[in-house]
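Chain by chain, the residues run as shown.
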Amino acid sequence: MRAPALAALLIAAPAAADPLQDQVLAGMRQSATADVAFTSTTRIERSGSKAQTVVTRHDPRAPAGKRWVVASIDGRAPTPKEAARIVKAASGSPPPSYVRLAQWFGAPATRVVGTTTYRFARLPKGGLKIGDRDVSADTAAEAVVNTSGPTPFVERVRYTSLKGFRAMLVAKVDRYVLTASYARLPDGRPFPTGNGADIGGSMMGKGGTINSVTRYSDIGATR
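Keep in mind it's a predicted model, so treat the numbers as computed, not measured.

1. Digging into the pairing of strand S12 (residues 171-184)
In step 1: The pairing of strand S10 (residues 153-161) with S12 spans five bridges and is antiparallel. Residue pairing for S12: Tyr-159 is matched across the bridge by Leu-178.
In step 2: Strand direction decides the pairing type here: strand S11 (residues 165-167) and S12, joined by three bridges, are antiparallel. Its bridge partner lying in S12, Phe-165 is registered against Val-173.
In step 3: Hairpin connection between S11 and S12: a loop of three residues separates the two successive antiparallel strands, and Met-168 in this loop has a positive phi of roughly 55 degrees.

2. Thoughts on the pattern of salt bridges
In step 1: Per the stated rule, a full pass over the model turns up ten salt bridges.
In step 2: The shortest N-O distance in the salt bridge between Arg-43 and Glu-45 comes to 3.3 Å.
In step 3: Take Arg-43: its relative accessible area is 42%, and that puts it in the partly exposed class.
In step 4: Note on Glu-45: relative accessible area 37%, which makes it partly exposed.
In step 5: The salt bridge involving Glu-142 is made with Arg-119; its shortest N-O contact spans 2.8 Å. Placement of Glu-142 in strand S9 (residues 139-146) and of Arg-119 in strand S6 (residues 117-120) is noted, with a sequence separation of 23 residues between them.

3. Details of the side chain of Asn-146
In step 1: Along the chain, the position of Asn-146 falls in strand S9.
In step 2: Take Asn-146: its relative accessible area is 12%, and that puts it in the buried class.
In step 3: A polar contact of 2.9 Å, which involves the side chain of Asn-146, links it to the side chain of Glu-155.
In step 4: Asn-146 has contacts with Pro-152, Phe-153, Glu-155 and Arg-184, leaving out every residue within four places of it along the chain.

4. Structural notes on the pairing of strand S2 (residues 36-46)
In step 1: Bridge count for S2 against strand S14 (residues 206-221) is ten bridges, and the pairing is antiparallel. The residue bridging Ser-40 from the neighbouring strand is Tyr-216, located in S14.
In step 2: Where S2 and strand S3 (residues 52-58) come together, seven bridges link them in antiparallel fashion. In the sheet register, Arg-43 faces S3, and the bridge partner there is Thr-53.

5. Thoughts on the packing of aromatic side chains
In step 1: Within the structure shown, the criterion is met by ten aromatic pairs.
In step 2: Note on Trp-104 and Tyr-159: the rings are 5.8 Å apart at their centroids and 70 degrees apart in plane angle, and the pair reads as edge-to-face. Taken together, the residues Trp-104 in the loop between helix H3 (80-91) and strand S5 (110-112) and Tyr-159 in strand S10 connect sequence positions 55 residues apart.
In step 3: Trp-104 gets classed as buried once you look at its relative accessible area, which sits at 1%.

6. Description of unusual backbone geometry
Apart from glycine, the bulk of residues carry a negative phi angle, and the bulk of peptide bonds sit in the trans form.
In step 1: Unlike most non-glycine residues, Asp-74 shows phi in positive territory, near 55 degrees.
In step 2: With respect to the helices and strands, Asp-74 occurs in the loop between strand S4 (68-73) and H3.
In step 3: Unusually for a residue other than glycine, Asp-218 sits at a positive phi of about 50 degrees.

7. Overview of the nonpolar core
In step 1: Judged by nonpolar contacts, the single largest core of 30 residues is most densely connected at Met-28, Leu-101, Trp-104, Phe-105, Phe-120, Val-154 and Tyr-159.
In step 2: Mapped by element, the contributors of at least two residues to this core are helix H2 (19-29), S6, S9, S10 and S12.
In step 3: For this core, the element with the highest residue contribution is S12, accounting for five residues.
In step 4: Setting aside residues up to four positions removed in sequence, Phe-105 forms contacts with Gln-21, Val-24, Leu-25, Met-28, Tyr-118, Phe-120, Ala-143, Val-145 and Val-154.
In step 5: The next biggest cluster of nonpolar side chains, apart from the first, holds twelve residues, and it includes Val-36, Trp-68, Val-87 and Phe-191.

8. Some points on H3
In step 1: Between its terminal C-alpha atoms H3 stretches 16 Å, which fits the 16 Å expected from twelve residues at 1.5 Å a residue.
In step 2: For H3, the full list of buried residues reads Glu-82, Ile-86, Val-87 and Ala-90. The arc that holds every buried residue of H3, seen down its axis, measures 125 degrees, which confines them to one face. For H3, the exposed residues lying more than 90 degrees away from the buried face are Pro-80, Lys-81 and Lys-88.
In step 3: Packed against the buried residues of H3 are S3 and S4.

What counts and what doesn't
Along each chain, the written sequence defines residue order, and numbers are assigned to residues from 1. Residue-level local features of this predicted model are given only where pLDDT is at least 70; pairs of side-chain atoms are given and counted only at 80 or more, and the full residue set underlies all totals for whole chains, interfaces and linings. The side-chain numbers reported here are obtained from all heavy atoms of the structure, hydrogens and water having been left aside. Strand pairing requires that DSSP identify at least two bridges connecting the strands. By the criteria applied, helices consist of DSSP H or I runs no shorter than four residues and strands consist of E runs no shorter than two, each listed in order from the N terminus. Take a side-chain nitrogen of Lys or Arg and a carboxyl oxygen of Asp or Glu: if they are within 4 Å of each other, that pair is a salt bridge. Here the term buried applies to any residue with accessible area under 20% of the maximum for its type, exposed to any over 50%, and partly exposed to those in between, with areas from a 1.4 Å probe on protein chains only. Between N or O atoms, a polar contact is any pair within 3.5 Å; within protein, one atom must be a potential hydrogen donor and the other a potential acceptor, and residues adjacent in sequence are included only when both atoms are from side chains. Residue contacts follow a heavy-atom distance rule, with two residues in contact if any of their heavy atoms lie within 4.5 Å. Whether two aromatic rings pair depends on their centres lying within 6.5 Å, for rings of Phe, Tyr and Trp, where Trp uses its six-membered ring; planes under 30 degrees apart make the pair stacked, over 60 edge-to-face, and the rest tilted. Residue types Ala, Val, Leu, Ile, Met, Phe, Trp, Tyr and Cys, when buried and joined through side-chain atoms within 4.5 Å, form a set referred to as a nonpolar core. By this rule, a helix spans an expected 1.5 Å times one less than how many residues it contains. Directions from the helix axis toward the C-beta atoms define the arc.

See the structure below:
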């Protein structure tokens, strides 16, 4: 066997029929957290614009359309127009959850030898969306599994673009790196603790970047 081929084997091995991957996937499917309330703090930095920090609160007990409340923007109360815009955007997507990883974690992957890290060459359809666009086929992922407790779970995920795409005719995304982290709630269910996005592209031919970091706090089941 040639040395390069041997090195490749030492880096990663196929995860087909991997018992740990199967166990993690089964746990994902049983980890719904639609009953969990939380506070979201997001800091967004855009090229040519002042950084902005938005704090929102999500309460699943509230009537549909009123589950998201904007607490502050840069430390001040939002205007009605600002609050309406942010709530509309937030309501257009499901609340953050761990169970959504089950949409792609069962796909073919390689497991780094001697670790609990899985690498996915690309995601299956429906695995990841940016806005309304399904970018799954053009996205690679790496997931790190935490095995310290009685039930293993994915602790960190990193998504990396394989190629860019056009959006709204006048915009183009050249690259993106997205990250997400998870931790167990007191009842054992995993829940997001934060995520990040580093996106580069252009709008009407002018290049720029968007960087955002979100942290989740005041997390608790409401049932």
